[in-house]
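Fold and contact review
Each chain, letter by letter, is given below.
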Amino acid sequence: MCGIVAYVGNRESYPVILKGLKRLEYRGYDSSGVAVISDKIEVYKKQGKVAELEESLLGIPMKSTIGIGHTRWATHGEPSDRNAHPHISKSGRIAMIHNGIIENYAALKLELLKKDYTFSSDTDTEVLLNFIEDIRKHNACSLEEAVRIALKRVVGAYVIVLLDLENPDTLIAARKGSPLVIGIGKNEHFLASDASPIIEYTKEVVYINDYELAIVKGNELILKNLGNEVITPFVQKLDMELAAIEKGGFNHFMIKEIFEQPQTIFDCLRGRLDLTRSDIMMAGVEKYIDELKNANRIIIVACGTSWHAGLIAEYIIEELCRIPVEVEYASEFRYRNPIVNKGDVIFAISQSGETADTLVAIERAKEQGAIIFGILNVVGSSIARISHAGAYTHAGPEIGVASTKAFTAQLVVLTMMAIKIAKEKQTISEGRFVQLMEELSAVPDKVAAILKDTYVVERIAAKHATASSFLFLGRGYNFPIALEGALKLKEISYIHAEGYPAAEMKHGPIALVDENLPVLFVATKDAYHQKVISNMQEINARKGKLIAIVSAGDHTIDALTDDIIEVPEADELIAPIINVIPLQLLSYYIGVSRGLDVDKPRNLAKSVTVE
Ligand code: F6R
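Residues numbered from 1 in each chain as written. Predicted model: local features only at pLDDT ≥ 70, side-chain atom pairs only at ≥ 80, totals over all residues. Heavy atoms only, no water.

**Considerations on the overall build of the protein**
For clarity, the threshold we go by: Segments assigned H or I by DSSP are reported as helices when at least four residues long, segments assigned E as strands when at least two residues long, and all are numbered from the N terminus. Here the globule rule is a power law, 2.2 Å times the number of residues to the power 0.38, and the radius of gyration is based on C-alpha atoms. The buried label goes to any residue with under 20% of its type's maximum accessible area, the exposed label to any with over 50%, and the partly exposed label to all in between, with areas taken from a 1.4 Å probe on protein chains only. We call two residues contacting when some pair of their heavy atoms lies within 4.5 Å. The accessible surface values rely on the Shrake-Rupley method and a 1.4 Å probe; as for residues, cover is taken only from the protein chains in view. Just so you know, the count uses Lys and Arg for positive and Asp and Glu for negative, and it drops His and the chain ends. One atom stands in for each charge, and that atom is NZ of Lys, CZ of Arg, CG of Asp or CD of Glu.
Scanning the protein from N- to C-terminus turns up 20 helices and 27 strands. The C-alpha atoms of the protein give a radius of gyration of 25 Å, which matches the 25 Å a tight globule of 611 residues would have. Counting only C-alpha atoms, the protein reaches 80 × 55 × 45 Å along its principal axes. Relative to its full complement of 611 residues, the protein shows a buried share of 62%. Contacts in the protein between residues at least 24 apart in sequence constitute 72% of all its contacts with a sequence separation of at least 6. Surface summary for the protein: the accessible area is close to 23,000 Å², and the carbon and sulfur share equals 50%. Here the protein contributes 66 positively and 80 negatively charged side chains, and the mean placements of these two sets differ by 2 Å.

Spelled out as C-alpha cells, the structure:
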C-alpha cells in the first residue's frame, strides 16, 4: 500500500514521477504528492487521485532532474493535503516519502516534542523524518549515516526515499518489509514500489532487500547494509512488457483482466501440462516432491481472494492426495501461536507476494521448521524470496484492485499441484490423472466461451444494480466461489453481500430472505446438485429473487427463475475456475452501472503491506 516513485538522472524528473504515480495508483489513491529541488526543496501535494495533483500543478515549471513522488493509502492520519507525502523536515532541507508503518512512532514523537519539534501532519512519516534530521544535527553526520542510526531504532515496516538539499544529486533509500525496485538506466536511476513505473525506461533492475540502504546518483548506485558494509547489487532482467500494464482499449483494467483469462490460464498451463507424456512438470513441486507427498499436513496461509483459492485447494488436495489441509487467514495465523511441526508444509498464496500478514505468517512457520511453498504472481516479490520453493501463476501484472485473473491462475496452479502430488503418491488412478489433465487443458476455451457473450450477465446486473444486499450460495467446491462472488460484489459495487454454504443458510441467513433479496446460487452439476436444487426451492418458497449459475443445457430450475447464467460443464474439481467468471462479470457490470470507479474502489489498495 502506498506507491512510491523517485528519479535521479539527466531528464526532468516530474513527468517520470507523475507517470509512475499513475501506474502505482492501484496501491493507494487517497492523496498524492511530489517533491523536486530548485534552489530549495519544493513540495506539492493534494488530497484525491493523482489526476487532481496533476491538474493542480498545470503551468507550474518543474525544472529538476531529481525528485520523489508518492500516492497514499492512509494509515496514520486521515486522507488530506497535510497528511499527503512527501513530508518536509523542520529545517526544510530534507523531504521524504514512506510506504509502511512506524510502530514506535509515538515514542519517537515524544522525544522530538521534548526538543521543541512541532508537526504539521498526523503521520508517522513526519516523525521519522524529523528523527533522522535530529540525528544528523546532533551527530554532525551525513544524511546516510543519520538514516542508518535512525533505522536501528525504528520498529515497523518501511520503504523510505529521501531528498536532501545538501546533496541535490543524491537520493537515499532504505527498505524493511515493503517493496523497493531500482531501475538502472544510462546515467539515470528509477526507484519504485514495483517495476511498472520503470519498465518503459529500462529492463535492468535491482530488488532491494530488507535492511539495505541505497545511495543513488544518476551515474552511481551504492548498496549497503545497516552495518555500513557495501553489498554488490544483484542486477536482474525484467520479464514484462509495457502493453501488459496498459488498458489496451478496455474501459477499465478489471474488465481487461477478466477478458485476459483464457490467455492467462493457457499461459499458466503452458510448459507444465504435458498431455502427450501424461505428466505435469512443475520444477518446485518436483524438487520438494518427497516433502510434499509425505507431508503430515499442508497449512495454507493467505488473505482475501487468495484465501478463497486456498479453500478450494483444501477440498481438492484432501480429495486427491489424502493429506490433511488447514486453511488459515494469515492475519490470524501470525498472532495465534499455531502448532507447526516438522513435516508440515506451508502453502503461501498471494498475488502480490507482498501482503504483510502472509509474509510474517510464513516467516513464523519457517522459524518452526516448515517448508514454505509460494503460489505467487509477482516474480521476485518478498514472499518469493523467503519461500523454499514455489510455483508462479504467470497471470501477468494485475492492476485492477479486485483480483480476477490472478485468482483463476492460482486455482489452476493449485489444481495442477494437487494432481501431480496425487500421482506421485499414487492416491489417484492413471485414468483419473489423465482425465483431470484433459479437463484442465479445456479450461481456456470454456472461459472464452463465457466471455464471448456477456449479454445475460449484463441483463441480470442491470436488473439488480440497485439492490442493497445480496446472498451468494454454493456447496462443495462451489462454496468458496460463493464467498468470492460476495467479496467481488462488496468491493466493486459497495453492496452488502454474504457468501454461505447453501445448506448453512437454514441456520440463520434465511431470515434475511424476502422479495427484495437477490440470492445467487452456484448450481452447476456436481455431487451436490440435487441438494442445491432443494435449497433453491426453499428460497423460492420465501420469495427471494433467485439467480443461478448452471451447467449448459440444464433446465431443472427453469420454472423457478428467469435469471439463469449457463456455463460450460466441467468436472466438479475444475468447475470453480469456470464458475467464478460470471461472478466477476456481474460485480463489474453492477459497479459500472452504479457509476463507481471499479479499478479503484474506495478504501482499498492492491497490495496490503500493512498489517
Ligand atoms: C480481492 C483482493 C484482496 C486480495 C488480498 C490478498 O479482490 O484482491 O482480497 O486477494 O488482499 O492479496 P495478495 O493475493 O496479493 O496477497
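**Structural notes on the site of the ligand**
Keep this limit in mind: A cutoff of 4 Å decides nearness: a residue is near a molecule or strand if any of its heavy atoms lies inside that distance of it. Under this definition, polar contacts are N or O atom pairs within 3.5 Å; protein pairs additionally need one hydrogen-donor-capable and one acceptor-capable atom, and for neighbouring residues in sequence, both atoms have to be side-chain atoms. Charged residues are taken to be Asp, Glu, Lys and Arg, nonpolar residues to be Ala, Val, Leu, Ile, Met, Phe, Trp, Tyr, Cys and Pro, and polar residues to be all remaining types, Gly included. Start and end positions for the domains come from either an automated domain assignment or a database one.
Around the ligand, a shell composed of 15 residues is seen, among which Ser-306, Ser-350, Gln-351, Ser-352 and Thr-355 lie nearest. Interatomic distance of 2.7 Å between a side-chain N/O atom of Ser-352 and an oxygen atom of the ligand. Burial of the ligand by the surrounding chains reaches 91%, relative to a free accessible area of 410 Å². Listed by contribution, the elements that provide at least two residues to the shell around the ligand are helix 10 (304-321) and helix 18 (479-493). Looking at the shell around the ligand, its residues break down into 5 nonpolar, 8 polar and 2 charged. When residues of the shell around the ligand are assigned to domains, at least three fall in each of domain 2 (247-441) and domain 3 (452-598).

**Describing the nonpolar core**
Rules: By nonpolar core we mean a set of buried residues, namely Ala, Val, Leu, Ile, Met, Phe, Trp, Tyr and Cys, connected to one another through side-chain atoms within 4.5 Å.
Residues Leu-320, Phe-347, Phe-373 and Phe-470 are the most contacted members of the largest nonpolar core, which totals 98 residues. In terms of residue count, helix 14 (residues 405-425) provides more of this core than any other element does, 12 residues in total. For Phe-347, the contacting residues outside a window of four places in its chain are Leu-292, Ile-298, Ile-299, Ile-300, Val-301, Ile-317, Phe-373, Ile-375, Leu-414 and Met-417. By size, the runner-up hydrophobic cluster in this structure holds 31 residues, among which are Val-50, Ala-195, Leu-238 and Met-240.

**So, the environment of Val-379**
As for its position among the elements, Val-379 is in the loop between strand 21 (371-376) and helix 13 (382-386). Note: C-alpha distance between Val-379 and Tyr-392 (13 residues apart in sequence) is 7.2 Å. Apart from the residues within four sequence positions on either side, Val-379 is in contact with Tyr-207 and Tyr-392.

**Quick look at the side chain of Ser-381**
Mapped onto the elements of the fold, Ser-381 is located in the loop between strand 21 and helix 13. Excluding its chain neighbours within four sequence positions, the residues that come into contact with Ser-381 are Ser-352, Gly-353, Glu-354 and Leu-376.

**Here we look at the packing of aromatic side chains**
Let me state the cut-off plainly: Aromatic rings from Phe, Tyr and Trp, with only the six-membered ring used for Trp, were paired whenever their centres fell within 6.5 Å, and each pair was classed as stacked if the ring planes differed by under 30 degrees, edge-to-face if by over 60, and tilted otherwise.
Under the criterion given, the structure shown has 8 aromatic pairs. Judged by centre distance (5.7 Å) and plane angle (45 degrees), the ring pair of Phe-347 and Phe-373 falls under tilted. Taken together, the positions of Phe-347 in strand 20 (residues 344-350) and Phe-373 in strand 21 put the pair 26 residues apart, joining distant regions of the chain. Summarising the aromatic geometry, the rings of Tyr-588 and Tyr-589 are spaced 5.3 Å apart at their centres and angled 70 degrees between planes, so their arrangement reads as edge-to-face. On the basis of relative accessibility, which here comes to 5%, the residue Tyr-588 falls in the buried class. Residue classification places Tyr-589 among the buried positions, given a relative accessible area of 15%.

**Comments concerning the side chain of Thr-408**
With respect to the helices, strands and loops of the structure, Thr-408 is situated in helix 14. Among the polar contacts listed, one links the side chain of Thr-408 to the backbone oxygen of Lys-405, at a separation of 3.2 Å. With residues up to four places along the chain from it excluded, the contact list for Thr-408 reads Gln-261, Ile-265, Ile-577, Val-580, Ile-581 and Gln-584.

**Concerning the sheet that holds strand 24 (residues 496-501)**
The following threshold applies: Only strands that DSSP links by at least two bridges are regarded as paired with each other. Here the axes come from fitting lines to C-alpha atoms, over the contacting stretch only for helices, and the angles between their N-to-C directions go from 0 to 180 degrees.
Taken in spatial order, the 5 strands line up as 24-23-25-26-27 in an open sheet, and their pairing is parallel. Looking at the sheet topology across the chains shown, the edges are occupied by strand 24 and strand 27 (564-567). Put simply, the sheet's adjacent strands are angled 15 degrees from each other on average, direction ignored. Where strand 23 (residues 469-474) lies against strand 25 (residues 518-522), 3 bridges are found, and the strand directions are parallel. Looking across to strand 25, one finds that Phe-472 is bridged to Leu-520. Lying over the sheet, helix 18 contacts strand 23, strand 24 and strand 25, oriented at roughly 175 degrees with respect to strand 24.

**Points about the domain arrangement of the protein**
According to the domain assignment, the protein consists of domain 1 (3-243), domain 2 (247-441) and domain 3 (452-598). Using only C-alpha atoms to locate each centre, domain 1 and domain 3 end up separated by 45 Å.

**Looking at the sheet that holds strand 2 (residues 31-37)**
Strand order in the open sheet formed by 8 strands is 3-2-4-1-10-9-11-15, with antiparallel pairing between adjacent strands. The outermost strands of the open sheet, each flanked by one partner alone, are strand 3 (41-47) and strand 15 (235-237). Strand-to-strand twist in this sheet, taken as the mean axis angle between neighbours without regard to direction, amounts to 20 degrees. As paired elements, strand 9 (residues 181-184) and strand 10 (residues 189-192) share 4 bridges and run antiparallel to each other. Within strand 10, the position partnered with Gly-183 by the bridge is Phe-190.

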